[in-house]
Amino acid sequence: MTTQRGRFFTSVSRSVEAAARHLNIEAGLLEQIQCCNAVYRMRFPVEREDGTIEVVEAYRAEHSHHRLPVKGGIRFAPTVSQDEVIALAALMTYKCAIVGVPFGGAKGGVRVDPFARSPRFLERMTRRYTTELVKKNFIGPSIDVPAPDYGTGEREMAWICDTYDVLCPNGMNNHACVTGKPLSLHGIPGRREATGLGVYLGIREAVAEAEDMEPLGLKPGLEGKRIIVQGLGNVGYYAARYLQQEGGAVIVGIAEREGGLFDPNGLDVEAVFRLRKESGNLLKLEVGEKIARSEELLERDCDLLVPAALENQITAENAPRIRAKIVAEAANGPVDWEGQEILRQRGVFIIPDLYLNAGGVTVSYFEWLKNLSHVSFDRMTSRWQEESARRLVETIEGLAGKSVEAVMRRKLIKGPKEVELVHAALAETMTTAYRRLRGLQREKDLPDLRTAGFVYALGQVALTYRDMGIFP
Ligand code: NAD
């Protein structure tokens, strides 16, 4: 076990061990649950833009085979290491258990700075990485199903799917080898925004609890809450957008790699996102106060801090200076073990990553199911539901002797679109999971929601192993 442990995996393991004290899990079973079942570390050559060759380092970690396929994103970042992918794969195992997604956890990483490379280099690299995964049986609809993560998105998932299809021709279910694909290439509507939307839904659940807000000196509800978001990528952008547009929160700060913006009266997330895309640099925008060191923004006054970039952003070093009353972990592992202890002592409420960013894997699961069934979720039911609702409305009109107003009639009889079904199922998942964790925390008198999350997840994984008859 110790050989697998770097800083991030140690942090996850400490949470697991703290949770295990509240459960009756024998040592051997706990070790089996905690350890990473398989890691493939690879090195492969990729032609650079200037024709020279770069040897790229990459990984795929399959943390737990208690359920197959295993599932987890692929990250492109210069910081990728074996410790990081193992820790992230482990979090995936527990995350899937918390939101009832029947997969084991996995994660992939390629050590490269995607923001500094050309699309052609990234394509060659992604295709070669996929080839390595195919060669070693580390990808496949029933084996291991990657998804987007930091530095990757729909484009990379399309390259992976295409490469897999070329190498494994005629597979009926090939499109289910990866999720987060573009819509035109067998993706699902709602996946792009799923993690950020899930973050919003999770925060909304948490701040609705008056009993939990009172000790923080906060009123229940999102309306008017002052929020700082770190990272305006896939997760951070959608989370900030929903928090502002649906929740009525005030986004007072946005931090990116190059620096941050702060405005106590609120920033327009949509406008900042668009302008940053155009100019490539947040600090070129003529809005709010410019902050050159983005880490500084984490320490500004706000109600909620939403780290949505990378791990280890809040540590023993800066935790004493964090002024947010709630830290909502949209990224994986943004608060390390020591940072968490300090925040806890200071009464900061943490909404943990293994619950809060589970919206992505939830909708990835729906995409995988759709790919296996080869039909969209609304296709078989939408028309039938419309007809059924129309008959009901007409019956009520007949009984009442008057007609329903046209706009209301359209609303009542409209069949669901696929994206509406996805959003509704995601909302149900996030709400149910939050209530379950909060209930468990209270029932077992656990110190925080993270411990509750690990206690629940460990219990679920342990149950599967016991039911296999391997452990007593
Ligand atoms: P992304 O690449 O789309 O966006 C990350 C953003 O963070 C980028 O815009 C980057 O410039 C910015 N960033 C990097 N370092 C920063 C720093 N020091 N300060 C401020 N900004 C910084 O990645 P993403 O998919 O949004 O993933 C973000 C986090 O969410 C990661 O921890 C990832 O593991 C986690 N996550 C992602 C998903 C998903 O579906 N994409 C699902 C679950 C969890």
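Residues numbered from 1 in each chain as written. Predicted model: local features only at pLDDT ≥ 70, side-chain atom pairs only at ≥ 80, totals over all residues. Heavy atoms only, no water.

Below, the discussion takes up the site of the ligand. Close to the ligand lie 23 residues; Asp149, Gly151, Thr195, Glu256 and Arg257 are nearest. Take glycine 151: an N or O atom from its main chain is 2.8 Å from an oxygen atom of the ligand. Contact with the protein chains covers 90% of the free accessible surface of the ligand, which is 830 Å². Its residues assigned to classes, the shell around the ligand shows nine nonpolar, nine polar and five charged. (Near = heavy atom within 4 Å. Polar contact = N/O pair within 3.5 Å; in protein donor to acceptor, adjacent residues only side chain to side chain. Areas by Shrake-Rupley, 256 points an atom, 1.4 Å probe, with all protein chains shown as cover. Nonpolar A, V, L, I, M, F, W, Y, C, P; charged D, E, K, R; others polar.)

Here we come to the packing of aromatic side chains. Per the counting criterion, the structure on display carries 12 aromatic pairs. Ring geometry for phenylalanine 103 versus tyrosine 365: centroids 5.5 Å apart, planes at 90°, classification edge-to-face. Of the two residues, phenylalanine 103 sits in the loop between helix 3 (82–98) and strand 4 (104–111) while tyrosine 365 sits in helix 13 (residues 359–373), which places them 262 residues apart along the sequence. Across this residue pair, the class does not change: phenylalanine 103 and tyrosine 365 are buried. Among the aromatic residues, those joined into a ring-pair cluster are Phe103, Tyr365, Phe366 and Trp368. A cation over a ring is seen here: arginine 241 above tyrosine 242, with NZ or CZ 5.8 Å from the ring centre. (Phe/Tyr/Trp six-rings, centres within 6.5 Å; stacked < 30°, edge-to-face > 60°. Helix = DSSP H or I, 4+ residues; strand = E, 2+ residues; numbered from the N terminus. Buried < 20%, exposed > 50% of the residue type's maximum accessible area, 1.4 Å probe, protein only. Lys NZ or Arg CZ within 6 Å of the ring centre and 35° of its normal.)

Relative to the 16 Å expected for 12 residues at 1.5 Å per residue, helix 8 (residues 234–245) spans 16 Å between its end C-alpha atoms, a close match to the ideal helical length. Looking at helix 8, one finds that the buried residues are Val235, Gly236, Tyr237, Tyr238, Ala239, Ala240, Tyr242 and Leu243. The inward-facing, buried residues of helix 8 contact helix 6 (191–207), strand 6 (226–230), strand 7 (250–256), helix 9 (269–279), strand 10 (304–307) and helix 16 (418–443). (Expected span 1.5 Å × (residues − 1). Contact = heavy atoms within 4.5 Å.)

Between leucine 68 and proline 69 the backbone carries a cis peptide bond, its omega angle lying at 0°. Its place among the elements puts proline 69 in the loop between strand 2 (53–62) and strand 3 (70–77). Positive phi, close to 55°, is recorded for asparagine 312, a residue that is not glycine. Within the secondary structure layout, asparagine 312 lies in the loop between strand 10 and strand 11 (326–328).

What follows is about the environment of proline 472. Looking at where proline 472 falls in the secondary structure, it is placed in the segment after helix 17 (449–467). Residue class for proline 472 comes out exposed when judged on its relative accessible area of 78%. Sequence separation between proline 472 and arginine 257 is 215 residues, and the spatial gap between their C-alpha atoms is 49 Å. Not counting the four nearest positions on each side in its chain, proline 472 is found in contact with Glu26 and Arg466.

Spatial ordering of the open sheet is given by 9-8-7-6-10-11-12, a layout of seven strands whose pairing is mixed. Looking along the sheet, the strands with just one partner apiece sit at the ends: strand 9 (289–291) and strand 12 (349–351). Each adjacent strand pair in this sheet contributes to an overall mean axis angle of 20°, direction not counted. Bridge count for strand 8 (residues 259–262) against strand 9 is three bridges, and the pairing is antiparallel. In the sheet register, glycine 260 faces strand 9, and the bridge partner there is isoleucine 291. (Pairing = 2+ DSSP bridges. Axes fitted to C-alpha atoms, helices over the stretch in contact; angles between N-to-C directions.)

Right, let's get into the pairing of strand 8. A two-sided burial pattern is seen for strand 8, the buried positions comprising Gly259 and Leu261 on one face and Gly260 and Phe262 on the other. Examined bridge by bridge, strand 7 and strand 8 share four bridges and lie antiparallel to one another. For isoleucine 254, the partnering residue across the bridge sits in strand 8 and is leucine 261. Once strand 7 ends, the chain turns through two residues before running back antiparallel as strand 8.

Interpretation in functional terms is not warranted from these geometric data alone.
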